[in-house]
Structure formats: structure tokens, C-alpha cells
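# Architecture at a glance
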Amino acid sequence: MDDKNFQWPVFTMEQHPGFYFIPEALGIEEQMHWIKESLTTFPQPPNRTNHTAVYGPIFDLWNRAQKDLSETTSDNTPDNESNKNSADGKSYIDANGAISGEQQHSTSIPLSVLLRKLRWATLGLQFDWSKRAYDLSLPYNKMPQKLCDLASKLAEPAMPDSEFHAEAAIVNYFGQDDMLGGHLDDMEKDWSKPIVSISFGCKAIFLLGGPTREHKPTAMFLRSGDVVLMAGPARGCFHGVPRIFVDPKQADLPDFSTCDPSCKTFIDYINRSRINLNIRQVF
Ligand code: OGA
Ligand code: MN
């Protein structure tokens, strides 16, 4: 690297100008910090998630779902989603977004199930997926400063002469069978500004294609702590995540067992999931 003491090895590909791969950019403690944030604070309203349009804002999903999970385990109650028994210690949410310690309607579902079905959350400027546009009328919290600082440091290889200003991020949550279809991120104005993409948890296949769907994509693995930048020509390339690998032996995961005991529930989650933080400068 030329300047600013960028501290990681960076890989590029001749056939994909504007694409940068920074393996193992984040250490174990730092990864655990962002995994915790992604599960506890990032899905908090006013940030929107895939559940917001259906249930309205849901506060403290992670903590409330953990309570369900621990009571389920200690009771040895089978995790039966159609179980109508209200005395099972779980919190339920109904179609109006009302949360209750009992299953009020046959359509109410446990919060632990909603956590399992959490697919995305948006940070900073909020996004209207139906219009594929930022909706500046939606209430939002500014991006956490620590995440802005990290993103602008990581973005340096793609923009050595100016600073990256993180204004929005999408947090993607992948379970065993989840994938992200081929797409272009074309909602932001200035494509010279990179997308900064950080991966946590299970290994994934990332496909990087070209400006149309006809281009044959390049496949690569993304692992926990890896960072990818898409800038310039690569910013306009189709890409997707066709699958993740949930390995019972966790061979591809960092050894999170060195983290303090309060991390246990997060380790249980991330051993079977992947989280991707996708950070953007909108203007
Ligand atoms: C996205 C995206 C890639 C990944 O959120 O737009 O492309 O690695 N994510 O999950
Ligand atoms: Mn994308």
C-alpha cells in the first residue's frame, strides 16, 4: 500500500478492477464485538428489519428470544412452532405486533422463531425495498461512530485520496439454507465510493460477476473477519451469495472460545449462521 499505513495485505484481481479482498482484517475480539452489535443493537427501532413491515417495530428481539430459548431448554419442551400450549414460558408476537407471555392467537409466533427468521436490518439512512431507494422521510439513527471509523479505515485501498463517509448499512443474516440472489447495489449515487462489506461467522461462497447477468462470475470463499471492497467498475457488477457452509466442527470459524463467558449465546448463534455488514456512502 502506498500511504496512510494501511495495515493489512490487500488482494485484487486483474479481471475485476475496483474489487479488493482483505482477508482476516478483523481480529477475534473485534469480530465478536460486531456480532453482538449486529444481534442486539442493530435490529433495534428505528432501524428497520424484514419483520418491521409485518409486525411494526420490535424492541429487544435478541434478549427476549434468548429468554424463550433458555426456558425452552431448561424445560426440555420441544421447539414446536404450532404448539398451542400457552404455559410454555415463551413470548409470542401476534399480527398486530403485540407481544405477550401467552399465545393469544393461532397465528402468534414465538420471538425465538422471529429471531431465526431475521434476514436483514438497515442502519443509518433507511431503505424502502419496494422502491429500491433510500426513504429520507423514515426516522433513523446516525450510523454508530465506531462503525464509521472502521469503514473509512477499511475503505482506504479503494479511495486513497479522499475519505469514505459511512451513511447507511445493510446487515444480512444468513441461516443454513439462506442465500442472496445475484444483484446490483445501484441505489447510491456515486459509484466511485466503495461498498465496504465485512463477513462474520460461517464461510460463504461469494460470486462476483460483470455488468450484466451474462458474464460468468468468479467464485471465492468469504470467511469470518474477511473484508471486501467494491468500487469503480466492480461497483457496477452483479454479485451474490449462493450458499453458506454450516460445519458441525466449525473448522472454518475463528476460535471464539477465548471470548468471555457472556459471549456464549452469540457463539451458539454464529456457529450456525453468517452475518454480513454492508456499509455504504449514499451521497
Ligand atoms: C449486499 C451483499 C454480500 C455478502 O448486502 O448487498 O451483496 O457477502 N452482501 O453477504
Ligand atoms: Mn450487494
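An unreviewed UniProt entry lists the protein under the name Fe2OG dioxygenase domain-containing protein, with Ceratopteris richardii as the source organism. Turning to the protein, the UniProt record has this under Sequence similarities (unreviewed entry): "Belongs to the alkB family."

## Notes on the site of ligand 1
The full set of residues close to ligand 1 is Asn172, Phe174, Leu180, His183, Asp185, Leu222, His239, Val241, Arg274, Asn276, Asn278 and Arg280. Here an oxygen atom of ligand 1 and a side-chain polar atom of Arg274 are 2.8 Å apart. Arg280 is positioned with one of its side-chain polar atoms (N or O) 3.2 Å from an oxygen atom of ligand 1. Look at ligand 1: alone it shows 290 Å² of surface, and the protein chains cover 97% of it. Contributing elements (two or more residues each) for the shell around ligand 1: strand E9 (168-174), strand E10 (180-183), strand E15 (239-244) and strand E16 (274-280). Of the residues that constitute the shell around ligand 1, the class distribution is four nonpolar, five polar and three charged.

## Looking at the environment of Asp60
Of note, Asp60 is situated in the loop between helix H2 (52-55) and helix H3 (61-75). Residues Asp60 and Asp268 lie 208 residues apart in sequence; the distance between their C-alpha atoms is 18 Å.

## Examining the UniProt feature "domain: Fe2OG dioxygenase" (unreviewed entry) in the protein
Taking the UniProt record as the reference, the feature "domain: Fe2OG dioxygenase" (unreviewed entry) is found at residues 165-283. Taken end to end, residues 165-283 is 9% helix and 38% strand, and its first and last C-alpha atoms sit 9 Å apart.

## What about the coordination of the manganese ion (ligand 2)?
Only His183 (NE2), Asp185 (OD) and His239 (NE2) from the protein coordinate the manganese ion (ligand 2), and they sit 2.1 to 2.2 Å from it. Of note, the donors binding the manganese ion (ligand 2) are all from one chain and are spaced H-x1-D-x53-H. His183 gets classed as buried once you look at its relative accessible area, which sits at 18%.

Calculation notes
Residues numbered from 1 in each chain as written. Chains lettered and ligands numbered in written order. Predicted model: local features only at pLDDT ≥ 70, side-chain atom pairs only at ≥ 80, totals over all residues. Heavy atoms only, no water. UniProt positions renumbered as here; feature names shortened; annotations may be inferred. Near = heavy atom within 4 Å. Polar contact = N/O pair within 3.5 Å; in protein donor to acceptor, adjacent residues only side chain to side chain. Areas by Shrake-Rupley, 256 points an atom, 1.4 Å probe, with all protein chains shown as cover. Helix = DSSP H or I, 4+ residues; strand = E, 2+ residues; numbered from the N terminus. Nonpolar A, V, L, I, M, F, W, Y, C, P; charged D, E, K, R; others polar. Donors = N, O, S within 2.8 Å, 3.2 Å for Na, K, Ca; no water. Buried < 20%, exposed > 50% of the residue type's maximum accessible area, 1.4 Å probe, protein only.

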